Amino acid sequence: MKNSTYRKRVASPEDIVRLARKTKWCDVKLSSGEIVTSETTQQIFEDAAKVLNSKSRRKRVHVAVV
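Nothing here was measured: the structure is a model prediction, and the numbers come from that model.

Enquirer: Quick question: what am I supposed to make of the packing of helix H1 (residues 13-22) against helix H2 (residues 38-53) here?
Expert: The geometry of a pair of packed helices is captured by two quantities: the angle between their axes and the separation between those axes. At their nearest, the axes of H1 and H2 sit 10 Å apart, and the two run at 140° to each other. Classified by the interaxial angle, the pair formed by H1 and H2 is oblique. By crossing handedness, the relation of H1 to H2 is classed as left-handed. Mapping the contact onto sequence places Pro 13, Glu 14, Ile 16, Val 17, Ala 20 and Arg 21 in H1 and Phe 45, Ala 48, Ala 49, Leu 52 and Asn 53 in H2.

See below:
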């Protein structure tokens with residue numbers, strides 16, 4: 001039985017990057033015992049934002065056969 005008439009919205013990559021900018025990151029301890037610093041986590045999302053903003057400037061190559 002459905003409780004709501006609205007469908008769930010799937011987050012876009014832009015939504016995730018926007019949320020990551022607002023988040024206050026802290027160090028994460030993995031099950032292996034390693035620690036991922038907050039700076040590393042923040043840098044991952046900043047790199048993802050740069051990729052989303054960059055446009056492909058490579059032009060399509062046209063081959064002419066004579």
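Alright, that's what it looks like, and here's the rest.
Enquirer: Sorry, what's going on with the packing of aromatic side chains here?
Expert: Aromatic ring pairs: the centre-centre distance and the angle between the two ring planes describe each pair. Under the criterion given, the structure shown has one aromatic pair. Geometrically, the ring pair formed by Trp 25 and Phe 45 is stacked, given 5.2 Å between the ring centres and 15° between the ring planes. Taken together, the residues Trp 25 in the loop between H1 and strand E1 (28-29) and Phe 45 in helix H2 connect sequence positions 20 residues apart.

About the cut-offs
- Residues numbered from 1 in each chain as written.
- Predicted model: local features only at pLDDT ≥ 70, side-chain atom pairs only at ≥ 80, totals over all residues.
- Heavy atoms only, no water.
- Axes fitted to C-alpha atoms, helices over the stretch in contact; angles between N-to-C directions.
- Helix = DSSP H or I, 4+ residues; strand = E, 2+ residues; numbered from the N terminus.
- Parallel < 35°, antiparallel > 145°, perpendicular 65-115°, else oblique.
- Left-handed = near helix turned anticlockwise from the far one by under 90°.
- Contact = heavy atoms within 4.5 Å.
- Phe/Tyr/Trp six-rings, centres within 6.5 Å; stacked < 30°, edge-to-face > 60°.

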